[in-house]
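Chains, contacts and geometry: an overview
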Amino acid sequence: MPLTHLEHFLIQAEDLDGTRDWYVDVLGMVAGPHPDFKFPVHWLYLGDEPVLHLTTGGAAVSENRKKYLGQQTTETHGSGVVDHVAFRATGLPEMMAHLDAKGIAYTRRQVDDQGLFQLFLLDPNGVKVELNFAAAEAGGIKADVMASELTR
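Each chain carries its own residue numbering, running from 1 in the written order of its sequence. Totals for whole chains, interfaces and linings use every residue, but because this is a predicted model, local features are given only for residues with pLDDT of at least 70 and side-chain atom pairs only at 80 or more, for both listing and counting. Excluding hydrogens and water, the side-chain values take into account all heavy atoms of the structure.

1. Focus: the overall build of the protein chain
Working definition: helices are DSSP H or I runs of at least four residues, strands are E runs of at least two. Numbering for both runs from the N terminus. Assigned secondary structure in the protein chain consists of three helices and nine strands. The order of α-helices and β-strands along the protein chain, N terminus first, is β-α-β-β-β-α-β-α-β-β-β-β. Projected onto the principal axes, the alpha-carbon positions of the protein chain cover approximately 50 × 35 × 35 Å. Evaluated residue by residue, the protein chain yields a buried proportion of 39% over its 152 residues. Contacts were defined at the residue level, with two residues in contact if any of their heavy atoms lie within 4.5 Å. Contacts in the protein chain between residues far apart in sequence, at least 24 positions, make up 56% of those at least 6 positions apart. Shrake-Rupley sampling with a 1.4 Å probe provides the accessible areas, and residues are treated as covered by the protein chains on show and by no other component. With the model as given, the accessible surface of the protein chain reaches about 9,200 Å², and the carbon-plus-sulfur share is 54%. For every residue, the accessible area (1.4 Å probe, protein chains only) is compared with the maximum for its type, and the residue is labelled buried under 20%, exposed over 50%, or partly exposed between those bounds.

2. Re the nonpolar core
Core analysis: the largest hydrophobic core is formed by 30 residues, its most contacted members being Tyr 23, Leu 119 and Leu 131. The greatest single-element share of this core, amounting to five residues, is contributed by helix α1 (residues 16-27). Contacts of Tyr 23, omitting those with residues within four sequence positions, involve Ile 11, Gly 28, Met 29, Leu 44, Leu 52, Asp 123 and Val 129. Joining through side-chain atoms within 4.5 Å is the link that ties buried Ala, Val, Leu, Ile, Met, Phe, Trp, Tyr and Cys residues into a set, and such a set is a nonpolar core. Counting residues in each nonpolar core, the second largest holds five residues, with Phe 37, Phe 39, Val 41 and Tyr 45 among its members.

3. Observations regarding the pairing of strand β7 (residues 116-122)
Among the seven residues in β7, six count as buried, and that is most of the element. In this scheme, strands are said to pair when DSSP sees at least two bridges between them. Alignment of strand β6 (residues 107-111) against β7, held across five bridges, turns out to be antiparallel. Paired with Thr 107 across the bridge in β7 is Phe 120. Taking the residues between adjacent antiparallel strands as the criterion, β6 and β7 are bridged by four residues, where Gly 115 takes a positive phi near 65°.

4. Here we look at the environment of Ile 141
Assignment of secondary structure puts Ile 141 in the loop between β8 (128-134) and β9 (145-146). Sequence spacing of Ile 141 and Leu 92 is 49 residues, and the spatial spacing of their C-alpha atoms is 9.4 Å. Sequence-distant contacts of Ile 141, defined by excluding residues within four places in its chain, comprise Leu 92, Pro 93, Met 96, Arg 108 and Phe 117.

5. Things to note about the sheet that holds strand β4 (residues 49-56)
Pairing within the open sheet is mixed, and its four strands lie in the order β1-β4-β3-β2. The strands lining the two open edges of the sheet, one partner per strand, are β1 (9-13) and β2 (30-32). Taken over all neighbouring pairs, the strand axes of this sheet differ in orientation by 35° on average, direction set aside. Fitted lines through C-alpha atoms serve as axes, helices being fitted only where they are in contact, and the angles separating the N-to-C directions of these axes extend from 0 to 180 degrees. Across the sheet, α1 is in contact with β1, β2, β3 (41-46) and β4; its angle to β3 comes to roughly 5°.

6. A few points about helix α3 (residues 92-102)
Buried within α3 we find Leu 92, Met 95, Met 96 and Leu 99. Projected down its long axis, α3 carries its buried residues within an arc of 100°, all on one side. In α3, the exposed positions that point more than 90 degrees away from the buried face belong to Glu 94 and Ala 101. Gly 103 sits one or two positions beyond α3 and adopts a positive phi of about 75°. Note that the arc is defined by the directions from the helix axis to the C-beta atoms.

7. Focus: α1
The end-to-end C-alpha distance of α1 is 16 Å, a good match for the 16 Å that twelve residues give at a rise of 1.5 Å each. Looking at α1, one finds that the buried residues are Leu 16, Thr 19, Arg 20, Trp 22, Tyr 23, Val 26 and Leu 27. Down the axis of α1, the sector holding all buried residues measures 160°, keeping them to one side. Within two residues after α1, Gly 28 carries a phi angle of roughly 80°, on the positive side. The span one expects for a helix is its residue count, reduced by one, times 1.5 Å.

So far we have only geometry, and geometry alone does not tell us how the molecule works.
Structure follows, in structure tokens:
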């Protein structure tokens, strides 16, 4: 029973609409249909797949939310026990220009033995987002840190 792909992840946010807008505007996701859970949600899509679910978080969530999803934490900032969420991507130079134009800070990493060039950035809730590109897309772009240069 192998896992085949990331299906979705859920972020609980104080500013539900602002978080939706950030993922749509910055990463190009599309807001789409979702079930009526009787509590506020947004589902964001890549193609036909709803990969990101958003709902309200904090101490004052609805009883419907607690009944359906439970609530292990009232945190609405930072990654909590989830360090990051990763997406495969294409168009590294274009994405860097897009993030620069939006004023979104990011760091550049390279993993030679996996052929990856990575960008790490934070969403409005402090959740770390990893974007993985084929290393060949980097051309002359230098990584801030290369895995091969780290020491044990």
